[in-house]
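Listed below are the residues making up each chain.
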Amino acid sequence: MSNPATPPAVGVLDERPPLTFPPGFLWGAATAAYQIEGAANEGGRTASIWDTFSHTEGRTVAGHTGDVACDHYHRLTDDVRLMAELGLKSYRFSVSWPRVQPGGSGPANREGLDFYQRLVDELMANGIEPWLTLYHWDLPQELEDAGGWPARDTAARFADYALLMADALGDRVKYWTTLNEPWCSAFLGYGSGVHAPGRSDGADAVRAGHHLMLGHGLAVQALRTAVPGAQLGVTVNLYPVTPASDAPGDIDAARRIDGLANRFFLDPILRGAYPDDLVADLAKVTDFGHVHDGDLATIATPLDVVGVNYYSRHVVAAPVPGEQPEAYWRAQACWPGSEDVRFVTRGVPVTDMGWEIDAPGLVETLRRVHEEYTDLPLYVTENGSAFIDEVVDGQVDDVDRLAYFDAHLRASHEAISAGVPLRGYFAWSLMDNFEWAWGYTKRFGMIYVDYDKQTRIPKSSARWYAEVIRRNGLAAQ
Ligand code: FCB
């Protein structure tokens, strides 16, 4: 194995050929409820773990919360108009569980459902296919108080909630994603604690990961009957994991992190088993006693599509005795049983998150899912970048973000040429929003949001993306 390849520099749009995508390619943009809706205490909504977490001192940058966010709850008509102006074919949004089922159990909240019904109607009136994610991290606080995802019962609650949404929107919504990025919910929420609910226990993180997947499987079974003709899937965040050198210790570090980051979810969901080496790596953390007979069959309930979120690559190296992993990774992530693996930076261009820009990693990721796991249609359900934006004369010329999208769309096309059944791409994000523990300090949007005035400015990347959608591909440069 050779050293990880250095990705080509992004930022300069040099000469590149035009590329056309397959007919019907689903061009979209994505958001999530807690990141954009605001109206945290309106319409019967109760608190989620993100409300509690963001209102706890020291948890988010500058104490930012999603109380108001982009005020999308009150501006949905204007926001859908912006989507229509972009020419979006699809919009991926998530439902706030405590808005539609306050407290996480019992009957639906009519007012909460009304909001999503209006959103879906508005989208369809504008020819935009709604793509619904049931869980983008905002667990009702009452369910966390009862044990959260480390508790098995939360999986059953999730399936009930899925059915409640099927009743409300099953006649209009075709694409249903159960979970967004269960790795983040489990390992950032219950492992490192940098995400809500902010707990730090390796065994709880592993249990949470299992119960999230169990909830996914139960929800797929429920939706399969309740919404005939639905396209059901899950969204996982995947990273190519590359050893820093071909030294055996580095190769083993890559195997371990790949196990925790990728195969922990891919193998149960698409193969019905945890990988043996992962179970062995986690032996000191858990005995997997939380896995009951039949769970893995439920988790592997057949799907129609798989969603892949892609942002960057991990390059890792063997632990050095006495040396701590780089501060960023110590703080950001949790790798139970493999805490001492070192995350290496290569000195290639990074986004404002510090994430290395690596478009070839998207080709690798999509090919891997297709070649090693499944023939199902794949969708990039998130891909994008944070950069510092400046408003000059009422315009935002975000050339770095535009170049990032361009490079990753070229990578998507390359994956299709290599035989991957990639059927769509969702830019993250439609608009700037509450970036979790980073609050409003990181901007990922194609549309700039002035949070004081709640005005929106489509950035250069938005205008460029509209042109990509219109052409169904990329122009020559
Ligand atoms: C993903 C999340 C999304 C957003 C992007 C930047 O992990 O799914 O909500 O925060 O990262």
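None of these values were measured; they are calculated from a predicted model.

About the cut-offs
- Residues numbered from 1 in each chain as written.
- Predicted model: local features only at pLDDT ≥ 70, side-chain atom pairs only at ≥ 80, totals over all residues.
- Heavy atoms only, no water.
- Pairing = 2+ DSSP bridges.
- Helix = DSSP H or I, 4+ residues; strand = E, 2+ residues; numbered from the N terminus.
- Contact = heavy atoms within 4.5 Å.
- Axes fitted to C-alpha atoms, helices over the stretch in contact; angles between N-to-C directions.
- Expected span 1.5 Å × (residues − 1).
- Bend = angle between axes of the 7 residues up to and from the residue.
- Salt bridge = Lys/Arg side-chain N within 4 Å of Asp/Glu carboxyl O.
- Buried < 20%, exposed > 50% of the residue type's maximum accessible area, 1.4 Å probe, protein only.
- Core = buried A, V, L, I, M, F, W, Y, C linked by side-chain atoms within 4.5 Å.
- Near = heavy atom within 4 Å.
- Polar contact = N/O pair within 3.5 Å; in protein donor to acceptor, adjacent residues only side chain to side chain.
- Areas by Shrake-Rupley, 256 points an atom, 1.4 Å probe, with all protein chains shown as cover.
- Nonpolar A, V, L, I, M, F, W, Y, C, P; charged D, E, K, R; others polar.
- Phe/Tyr/Trp six-rings, centres within 6.5 Å; stacked < 30°, edge-to-face > 60°.
- Lys NZ or Arg CZ within 6 Å of the ring centre and 35° of its normal.
- Disulfide = S-S within 2.5 Å.
- Parallel < 35°, antiparallel > 145°, perpendicular 65-115°, else oblique.
- Left-handed = near helix turned anticlockwise from the far one by under 90°.

*Asks:* What's the story with the sheet that holds strand 10 (residues 342–343) in this structure? I'm lost.
*Replies:* Hydrogen bonds between backbone groups are what pair the strands of a sheet, and the pairing can be parallel or antiparallel. The sheet built from three strands is open, its strands ordered 7-9-10 with mixed pairing. Here the strands that pair on one side only, and so sit at the sheet edges, are strand 7 (241–243) and strand 10. Here two bridges tie strand 9 (residues 314–317) to strand 10, and the two strands are oriented antiparallel to one another. Its bridge partner lying in strand 10, V316 is registered against F343. Relative to strand 7, helix 10 (residues 248–271) is tilted by about 170°, and along the sheet it contacts strand 7, strand 9 and strand 10.

*Asks:* Got a minute to help me understand helix 10 in this structure?
*Replies:* Since the α-helix packs 3.6 residues into each turn, any two residues three or four apart lie on the same face. Under the 1.5 Å per step criterion, the end-to-end length of helix 10 is only 28 Å for 24 residues, more than 12% shorter than the ideal 34 Å. Taken as a whole, helix 10 carries its principal kink of about 55° at R263. Trailing helix 10 by a residue or two, G272 shows a phi angle of about 75°, which is positive.

*Asks:* Would you mind going over the pattern of salt bridges with me for this structure?
*Replies:* Opposite charge on two side chains allows them to pair when their charged atoms are near. Tallied over the full model, the rule gives 39 salt bridges. In this structure, R152 and D295 form a salt bridge, with 2.9 Å as the shortest nitrogen-oxygen distance. Taken together, the residues span a long stretch of sequence, with R152 in the loop between helix 6 (141–145) and helix 7 (153–169) and D295 in helix 12 (residues 295–299) at a distance of 143 residues. For R152, a relative accessible area of 31% puts it in the partly exposed group.

*Asks:* Could you clarify how one ought to interpret the nonpolar core in this entry?
*Replies:* Within soluble globular proteins, side chains that are nonpolar tend to cluster in buried spots. Within the largest apolar cluster, 132 residues are counted, with the highest numbers of intra-cluster contacts made by M165, W176 and Y465. Considering every element that reaches this core, the biggest residue donor is helix 10, with nine residues. Apart from residues lying up to four places away in sequence, M165 is in contact with V95, V100, L113, L134, G170 and W176. With 16 residues, the next largest nonpolar core counts Y175, A386, Y404 and F426 among its residues.

*Asks:* Can you walk me through the site of the ligand in this structure?
*Replies:* Taken together, Q35, H136, W137, N180, E181, Y311, E382, W428, E435, W436 and F444 are the residues near the ligand. In the model, an oxygen atom of the ligand is placed 3.0 Å from a nitrogen or oxygen of the E382 side chain. When the ligand sits alone it has 290 Å² of accessible area, and the protein chains cover 95% of it. Along the lines of polarity and charge, the residues of the shell around the ligand split into five nonpolar, three polar and three charged.

*Asks:* Please clarify how unusual backbone geometry should be interpreted in this entry.
*Replies:* Keep in mind that most residues, glycine aside, have a negative phi and that most peptide bonds are trans. At the junction of A196 and P197, the peptide bond is cis and its omega measures out at 5° in the coordinates. One can find P197 in the loop between helix 8 (182–192) and helix 9 (202–226). Here the amide bond leading from W428 into S429 is cis, since omega sits at 10°, within 30 degrees of zero. Residue D71 is not a glycine yet carries a positive backbone phi of 55°. Structurally, D71 is set in the loop between helix 2 (49–54) and helix 3 (72–86).

*Asks:* What exactly am I supposed to notice about the packing of aromatic side chains here?
*Replies:* For any two aromatic rings, the description comes down to two numbers: the centre-to-centre distance and the angle of the planes. Scanning all chains against the criterion turns up 41 aromatic pairs. Centroid distance Y73 to F115: 4.8 Å. Interplanar angle 35°. Geometry classified as tilted. Of the two residues, Y73 is situated in helix 3 and F115 in helix 5 (residues 110–125); the sequence distance between them amounts to 42 residues. For F115, a relative accessible area of 1% translates into the label buried. Residues W131 and F426 carry aromatic rings whose centres are separated by 5.1 Å and whose planes lie at 65° to one another, so their mutual orientation is edge-to-face. Of the two residues, W131 is situated in strand 4 (residues 129–135) and F426 in strand 12 (residues 422–428); the sequence distance between them amounts to 295 residues. Like W131, the residue F426 is buried in the burial classification. Among the aromatic side chains, those forming a connected cluster through ring pairs are Y34, W50, F53, W137, F434, W436, Y440 and Y451. Its end group placed over the ring of Y373, R271 keeps NZ or CZ at 4.1 Å from the ring centre.

*Asks:* Could you clarify how one ought to interpret the environment of D304 in this entry?
*Replies:* On the secondary structure map, D304 appears in the loop between helix 12 and strand 8 (305–309). Here the alpha-carbon distance between D304 and R110, two residues 194 residues apart in the chain, equals 30 Å. In contact with D304, other than residues within four places in its own chain, are R224, A230, Q231, L232, L376 and P377. Within the structure, D304 has its side chain in polar contact with the side chain of R224 (distance 2.9 Å).

*Asks:* Help me understand the pairing of strand 14 (residues 455–458), please; the structure alone is not making it clear to me.
*Replies:* As a general feature of sheets, a regular strand has side chains that alternate between the two faces. Here four bridges tie strand 13 (residues 447–450) to strand 14, and the two strands are oriented antiparallel to one another. Its bridge partner lying in strand 14, I447 is registered against P458.

*Asks:* Would you explain the state of the cysteines in this entry?
*Replies:* Two cysteines whose sulfur atoms are joined by a covalent bond form what is called a disulfide. By the definition in use, this model includes zero disulfides. C334 supplies the cysteine sulfur nearest to C184, a cysteine that is in no disulfide, at a spacing of 12 Å. For C184, a relative accessible area of 7% corresponds to the buried category.

*Asks:* I keep staring at the pairing of strand 9 and nothing clicks. Help me out?
*Replies:* Alternating residues of strand 9 divide into H314 and V316 and V315 and A317, and every residue in both groups is buried. Where strand 7 lies against strand 9, three bridges are found, and the strand directions are parallel. The residue bridging P243 from the neighbouring strand is V316, located in strand 9.

*Asks:* For this particular structure, what's the right way to read the packing of helix 7 against helix 9?
*Replies:* The description of two packed helices rests on the angle between their axes and on the distance between the axes. Running from amino to carboxyl end, helix 7 crosses helix 9 at an angle of 30°, the nearest separation of the two axes being 8 Å. Considering their axes alone, helix 7 and helix 9 lie roughly parallel with respect to each other. At the point where helix 7 passes helix 9, the crossing takes the right-handed sense. Each of A155, A156, F158, A159, A162, L163 and A166 in helix 7 lies in contact with helix 9, whose residues at this interface are H211, L214, G215, H216, L218, A219, A222, L223 and A226.

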